[in-house]
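Fold and contact review
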Amino acid sequence: MSKPVVIPYATTLLVRDMCLCLHVQRAARALARRFDDALRPLGLTNGQFSLLMSLNRPEPPGMAAVANLLAMDRTTLTAALKPLERRGLVKVAMDPADRRGRRLKLTAHGMKLLAEASPVWERTHAEVEGLLGEGEPEMLRRGLGALA
């Protein structure tokens with residue numbers, strides 16, 4: 001029988017204190033909960049809000065453009081669109097320029113809900129930025145952008 005490998009507890013503490021991935025995941029979960037709580041009265045999650053906002057463009061975007069913006073694969077995007085389609089917030093239509101492609105469009109109901117949700121997002125976002133020091137929100141955005 002081989003001797004079990006033992007990772008020193010000091011290594012666990014080092015990872016807990018220094019791991020950027022862990023810290024970003026924890027912060028992302030906390031932010032997601034905060035925005036989910038704020039948007040819940042409108043029947044939206046933070047992910048649905050981001051998806052709806054990503055469709056607020058002069059021309060309906062294609063699936064690839066939206067998936068790229070939201071950093072998700074097309075299968076995940078398709079699954080995320082289904083409940084929004086069922087609620088009549090989004091319409092998925094054939095791309096007239098390429099019949100194999102799909103264009104995503106906010107419906108009138110989707111635009112109305114997004115208009116109601118936008119001030120909720122603005123207030124919540126201002127609260128979050130207020131938790132950070134002077135200049136830190138922009139520094140954080142730059143740092144996260146460098147990692148993305």
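Since the structure is predicted, the reported quantities are computational estimates derived from the model, not experimental observations.

Analysis parameters
Residues numbered from 1 in each chain as written. Predicted model: local features only at pLDDT ≥ 70, side-chain atom pairs only at ≥ 80, totals over all residues. Heavy atoms only, no water. Pairing = 2+ DSSP bridges. Helix = DSSP H or I, 4+ residues; strand = E, 2+ residues; numbered from the N terminus. Disulfide = S-S within 2.5 Å. Salt bridge = Lys/Arg side-chain N within 4 Å of Asp/Glu carboxyl O. Buried < 20%, exposed > 50% of the residue type's maximum accessible area, 1.4 Å probe, protein only.

A few words now on the pairing of strand β2 (residues 98–106). Where strand β1 (residues 90–95) and β2 come together, six bridges link them in antiparallel fashion. Counterpart to Met94 in the pairing with β2 is Arg102. Joining the antiparallel neighbours β1 and β2 is a turn of two residues.

Glancing now at the state of the cysteines. Covalently bonding the sulfur atom of one cysteine to the sulfur atom of another cysteine gives a disulfide. With the rule as written, the count across this model stands at zero disulfides. You can see Cys19 has no disulfide; the closest cysteine sulfur is in Cys21, sitting 5.2 Å from it.

Glancing now at the pattern of salt bridges. Evaluated as defined, the whole model comprises eight salt bridges. Salt-bridge contacts for Arg34 lead to Glu127; the nearest nitrogen and oxygen are separated by 3.9 Å. Of this pair, Arg34 sits in helix α2 (residues 20–39) while Glu127 is found in helix α6 (residues 108–130), placing the two residues 93 residues apart along the sequence. Overall, Glu127 belongs to the partly exposed group, its relative accessible area being 46%. Across the salt bridge formed by Glu138 and Arg141, the nearest N and O atoms sit 3.2 Å from each other. Of this pair, Glu138 and Arg141 both sit in helix α7 (residues 136–147), separated by three residues, roughly a single helical turn.

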